[in-house]
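Residues per chain are reported as follows:
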Amino acid sequence: MALPDIWDVLVVGGGPAGLSAALMLGRCCRSVLVCDAGPKRNEASRSLHAFLTRDGTPPAELLEIARAQLRRYRTVRLLRARVGTVKRRARVFEATLTRGRRVRARRVLLATGVVDELPRWPGLRRFYGRSVFHCPYCDGWEFRDRRLAAWGPTSATAGLALKLTSWSPRVTLLTGGRYRLASRMRARLAANGVAVRDEPVVRLAGDATALERVVVAGGEPVACDALFLSVPCRQSCGLSLELGCRLAKGGTVIADRRSRTHGDGVFAAGDASIDSQLVVVAASEGARAAIAIHEELLEEDLAGDSVHSP
Ligand SMILES: Cc1cc2nc3c(=O)[nH]c(=O)nc-3n(C[C@H](O)[C@H](O)[C@H](O)COP(=O)(O)OP(=O)(O)OC[C@H]3O[C@@H](n4cnc5c(N)ncnc54)[C@H](O)[C@@H]3O)c2cc1C
């Protein structure tokens, strides 16, 4: 297929959200360019969980299956390139990719994901995705009944520690001395068997990728098989703000039920936008955004005035 001068849709990001959108748009006979470069959020993880039919699949394998299936759609192109800037010129978006290449598109879907702001403890990278996680819905089951800990920079982490009691009765909240717990929260943690340690975390230690203890300053190490982090995340690139999107307090793009953002012609799906941050949700949001984009373009392209059914 000759490359179109103006693509129907530029999808920025080729994770579960972007690839799912590309699949749906391809099936709608739309020309779609998916640009992807950079890390996937869960690439440190050995296997992804809680995705129907794919529970336990390595994250990279899921994406490889998706890319292979997308190759059947001749109107879809997957490009390994970072989108540096996107400008709206009249009714068309102009994007600059790696090495100055320019492409134009009628709509933009941001499926760019987020970046977690991880603490800088020695040893963290070794355990990350193997015995250090964020989401107990994704990784709690594998560590049920084992020694769990929760850490985060704010008192909201107490909520995560309480949540972890669904998976194990042996839970420790590590405040690191970063915040003071309200006495009612301390009482609630104690009533639910959650231990609290206030010393600052110094480093993580264990055997290969299996965490065994959290080393703290001036105290006994905390024995621990899995550590769950409650840390902030930020947009993985600046395109959302450049395109006029608004961000929610947690740093995710605000989008409506049809994935439309505050930026005209700009849609958002997956972790980058507001909602649960799960692969299955990202894929579902990608499909939903794709249908909304397709229907908007269809309305633009159909001859005659729009006629709404009663
Ligand atoms: C350690 C860990 C374990 C997890 N385990 C699970 C699990 O078991 N089950 C589950 O459901 N979820 C899990 N998650 C969550 C899951 O990773 C995310 O929900 C999912 O990856 C979101 O998909 P996405 O497509 O929105 O974003 P991503 O998968 O992050 O993909 C976004 C892509 O866009 C690219 N990109 C960003 N900016 C640009 C740009 N300007 N130009 C080009 N490309 C760009 C990024 O580099 C990336 O490749 C886990 C997360 C972590 C951190």
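Residues numbered from 1 in each chain as written. Predicted model: local features only at pLDDT ≥ 70, side-chain atom pairs only at ≥ 80, totals over all residues.

Looking only at helices and strands, one finds eight helices and 17 strands in the chain. Principal-axis analysis of the C-alpha atoms gives the chain an extent of 70 × 40 × 40 Å. Per-residue burial over the chain gives 40% buried out of 310 residues. (Helix = DSSP H or I, 4+ residues; strand = E, 2+ residues; numbered from the N terminus. Buried ≥ 20, exposed ≤ 12 C-beta atoms within 10 Å, placed from the backbone.)

Attention shifts here to the domain arrangement of the chain. Domain assignment breaks the chain into domain 1 (6-116 + 232-301) and domain 2 (124-229). When each unit is reduced to the centre of its C-alpha atoms, the spacing between domain 1 and domain 2 is 33 Å. The interface is formed by seven residues belonging to domain 1 together with eight residues belonging to domain 2. (Domains from an automatic or database assignment. Contact = placed C-beta atoms within 7 Å.)

Taken together, the neighbourhood of the ligand is formed by 43 residues, with Gly13, Gly15, Gly38, Gly113 and Gly270 sitting nearest. Every element with two or more residues in the shell around the ligand is listed here: helix 1 (16-27), strand 2 (32-36), helix 4 (136-139) and helix 8 (279-301). Across the shell around the ligand, the residue classes tally to 21 nonpolar, 15 polar and seven charged. Counting the residues that make up the shell around the ligand, at least three belong to each of domain 1 (6-116 + 232-301) and domain 2 (124-229). (Near = placed C-beta within 6 Å. Nonpolar A, V, L, I, M, F, W, Y, C, P; charged D, E, K, R; others polar.)

We now examine the sheet that holds strand 11 (residues 194-197). A sheet is described by the order of its strands in space; here five strands give the open sequence 8-15-9-10-11, paired in parallel fashion. Each of the sheet's edge strands pairs with one partner strand only, and the pair in question is strand 8 (132-133) and strand 11. Here strand 8 pairs with strand 15 (residues 226-229) via two bridges, running parallel. By the bridge assignment for strand 15, Phe133 is matched with Phe228. Those strands touched by helix 5 (residues 157-164) are strand 9 (148-151), strand 10 (171-174), strand 11 and strand 15, and its axis lies near 165° from that of strand 9. (Pairing = 2+ DSSP bridges. Axes fitted to C-alpha atoms, helices over the stretch in contact; angles between N-to-C directions.)

It is worth spelling out the pairing of strand 2 at this point. Within strand 2, five of the five residues are buried, leaving the element largely enclosed by the surrounding structure. On strand 2, burial covers both faces: Val32, Val34 and Asp36 on one face and Leu33 and Cys35 on the other are all buried. Taken together, strand 1 (residues 6-12), helix 1 and strand 2 constitute a β-α-β crossover, and its handedness is right-handed. At this point the chain moves from strand 2, through helix 2 (residues 59-70), to the parallel strand 3 (residues 76-80), and the crossover so formed is right-handed. (Right-handed = clockwise from strand over helix to strand, strands pointing away.)

Here we take up the pairing of strand 11. By the bridge criterion, four bridges tie strand 10 to strand 11 in an arrangement that is parallel. Residue Val171 lies in a different strand from strand 11, and its bridge partner there is Val194. The β-α-β motif built from strand 10, the intervening helix 6 (residues 183-191) and the parallel element strand 11 has right-handed crossover chirality.

Attention now goes to the nonpolar core. If you look at soluble globular proteins, the nonpolar side chains tend to sit buried side by side. Ranked by internal contacts, the top residues of the largest apolar core, which has 49 residues, are Leu10, Val11, Leu109 and Leu110. If one sorts the elements of this core by residue count, helix 8 sits on top with seven residues. Residues Leu148, Leu164, Leu173 and Cys224 belong to the second largest nonpolar core, which totals 29 residues. (Core = buried A, V, L, I, M, F, W, Y, C linked by C-beta atoms within 7 Å.)

Before going further, it helps to examine unusual backbone geometry. Even without being a glycine, Ala90 presents a positive backbone phi close to 50°. Mapped onto the elements of the fold, Ala90 is located in the loop between strand 4 (83-89) and strand 5 (92-97). Look at Arg99: it is not a glycine, yet its phi comes out positive at around 60°. Residue placement: Arg99 occurs in the loop between strand 5 and strand 6 (102-110).

Now for the sheet that holds strand 12 (residues 201-207). The strand order across the open sheet built from three strands is 12-13-14, with neighbouring strands paired in antiparallel fashion. The open sheet has two edge strands, strand 12 and strand 14 (222-223), and neither has a second partner. In this sheet, strand 14 lies alongside strand 13 (residues 210-216) in antiparallel orientation, the contact comprising two bridges. Across the sheet, the residue bridging to Arg213 is Ala223, located in strand 14.

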